[in-house]
Amino acid sequence: MTHHGLPVWYELSTSKGALAGAGAFYARVLDWTVNDAGMEGFTYHLATAGGDMVAGLMEIPDFVGQMPPAWLTYFGVTDADRVADQILAAGGTIHRPPTDIPGTGRFAVAADPQGAGFGILQPLPMPDGQGSKAFDQSRPGHGNWNELNSTDPDAGFDFYSTLFGWQKSQAMDMGEMGTYQLFSHDGADIGAVMGLGDSPVPHWLTYFGVTEIDSAIRRLEEAGGKLHHGPIQVPGDAWIAVATDPQGAWFAMVGPRGTA
């Protein structure tokens, strides 16, 4: 499976002074191990699940202004500079131009024409010859689903399809909520596009896999998070829950019910 168009990294930007607390929260809820990456001149924490690196955590940089705590999804690309040019040509925005991360690759931070933020990453070859393991629908603690909430879902899908080669998959009628359009990468469904719903702004919502949804919700609430929606059953005998962490960053969880 090619990494171009596949989620390859998830990154939390949290409130000043809250990095350790945020790491402890996700460690408890998602069974992550979180440690300082040891980057010179910059504090960046790495989260691992089952031995795989799955996410990064940092404080909100000073230069982004009044940005609230939030998760950012990075999609893999084979040429960050070329894709950044394509984003601009298609009406998107580049918030941070392509920049090298020593030992990791070349990245950029962007927004689609409707304003949803995302990242792109041209990764360097991994030492084991494998690609990123941050997105793995078969393993808890990893990215499991990627949901775009947009003011114009059709235009949003067309934008990302052009960049990443995604294909439309099953479409689900949600009544007044409109259509929930699944999309696939290399034949596997990895996410969906839908209308804005109750969200005030377009955004990507990251779903992390959990071993059992009710116990995950219990850990979430005990650790100071807030459940906003769910648990709700979805196709495939899975259950979802949408929540915020103690700093207010939105995320979701997906997993079976009653098996833990």
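This text follows the structure it describes.
Residues numbered from 1 in each chain as written. Predicted model: local features only at pLDDT ≥ 70, side-chain atom pairs only at ≥ 80, totals over all residues. Heavy atoms only, no water.

Novice: Explanation requested: the packing of aromatic side chains in the structure shown.
Specialist: Any aromatic ring pair is given by two values, namely how distant the centres are and how the planes are angled relative to each other. Going through the model one piece at a time under the given rule, you end up with 25 aromatic pairs. Residues Tyr10 and Phe208 carry aromatic rings whose centres are separated by 5.6 Å and whose planes lie at 70 degrees to one another, so their mutual orientation is edge-to-face. A residue pair is termed long-range when its members are at least 10 positions apart, and Tyr10 in strand β1 (residues 7-14) and Phe208 in strand β13 (residues 203-209) qualify at 198 residues. Taking relative accessible area as the criterion, Tyr10 reaches 0% and is therefore assigned buried. Ring geometry for Tyr26 versus Phe251: centroids 5.2 Å apart, planes at 65 degrees, classification edge-to-face. (Phe/Tyr/Trp six-rings, centres within 6.5 Å; stacked < 30°, edge-to-face > 60°. Helix = DSSP H or I, 4+ residues; strand = E, 2+ residues; numbered from the N terminus. Buried < 20%, exposed > 50% of the residue type's maximum accessible area, 1.4 Å probe, protein only.)

Novice: It is not clear to me how helix α1 (residues 19-30) should be interpreted in this structure. Could you clarify?
Specialist: Count 3.6 residues to each turn of an α-helix, and residues three or four apart come out pointing the same way. The terminal C-alpha atoms of α1 lie 16 Å apart, and with twelve residues this matches the ideal 16 Å at 1.5 Å per residue to within 8%. Where α1 is concerned, the buried positions are Leu19, Ala22, Gly23, Phe25, Tyr26, Val29 and Leu30. Along the axis of α1, the buried positions cluster into a sector of 160 degrees, meaning they face one direction only. Taken from the residues just after α1, Asp31 is the one with a positive phi, measuring 60 degrees. (Expected span 1.5 Å × (residues − 1). Arc of directions from axis to C-beta.)

Novice: Whenever I open this one, the pairing of strand β14 (residues 226-234) confuses me. Can you help?
Specialist: The two faces of a sheet get side chains in turn, since along a regular strand they alternate between them. Pairing of β14 with strand β15 (residues 238-244) involves six bridges; the strand directions are antiparallel. In the sheet register, Ile232 faces β15, and the bridge partner there is Ile240. (Pairing = 2+ DSSP bridges.)

Novice: In this structure, what is going on with the pattern of salt bridges? I would like to understand it.
Specialist: Between side chains of opposite charge, a pair can form when the charged atoms approach closely. Taken as a whole and judged by the stated rule, the model has five salt bridges. Between Arg139 and Asp52 there is a salt bridge, and its shortest N-O distance comes to 2.5 Å. Of this pair, Arg139 sits in the loop between β8 (117-123) and β9 (143-150) while Asp52 sits in strand β4 (residues 52-59), and the two are 87 residues apart along the sequence. Judged by its relative accessible area of 31%, Arg139 falls in the partly exposed class. A relative accessible area of 10% means that Asp52 is categorised as buried. Ionic pairing is found between Arg106 and Asp81, a salt bridge with its closest N-O pair at 2.7 Å. Here Arg106, found in strand β7 (residues 105-111), pairs with Asp81, found in helix α2 (residues 80-89); they are 25 residues apart in sequence, far enough to count as distant. (Salt bridge = Lys/Arg side-chain N within 4 Å of Asp/Glu carboxyl O.)

Novice: Which parts of the structure should I look at to understand the pairing of strand β3 (residues 45-49)?
Specialist: Residues of β3 alternate between two faces, with His45, Ala47 and Ala49 buried on one and Leu46 and Thr48 left unburied on the opposite face. Sheet topology places β3 next to β4; five bridges connect them, and they run antiparallel. Residue pairing in the sheet places Leu46 in a bridge with Gly56 of β4. Connecting β3 to the next strand, β4, in antiparallel fashion are two residues, including Gly50 with a positive phi near 60 degrees.

Novice: Help me understand the sheet that holds β14 in this model?
Specialist: Strands pair in a sheet through their backbones, by hydrogen bonds, and they do so in one of two ways: parallel or antiparallel. Within the open sheet, the eight strands sit side by side as β10-β11-β12-β9-β13-β16-β15-β14. Their pairing is mixed. Each edge of the sheet is formed by a strand with only one pairing partner; in this case those strands are β10 (167-173) and β14. The sheet shows a mean angle of 25 degrees between the axes of neighbouring strands, taken without regard to direction. Taken together, the five bridges between β10 and strand β11 (residues 179-185) define a ladder with antiparallel strand orientation. (Axes fitted to C-alpha atoms, helices over the stretch in contact; angles between N-to-C directions.)

Novice: Help me out: how do you make sense of the sheet that holds β3 in this one?
Specialist: Spatially, the eight strands line up as an open sheet ordered β2-β3-β4-β1-β5-β8-β7-β6, and their pairing is mixed. On the outer flanks of this sheet lie β2 (33-36) and β6 (93-101), each paired with one strand and no other. The sheet shows a mean angle of 25 degrees between the axes of neighbouring strands, direction not considered. In terms of strand pairing, β2 meets β3 through four bridges, oriented antiparallel. Residue Val34 lies in a different strand from β3, and its bridge partner there is Ala47.

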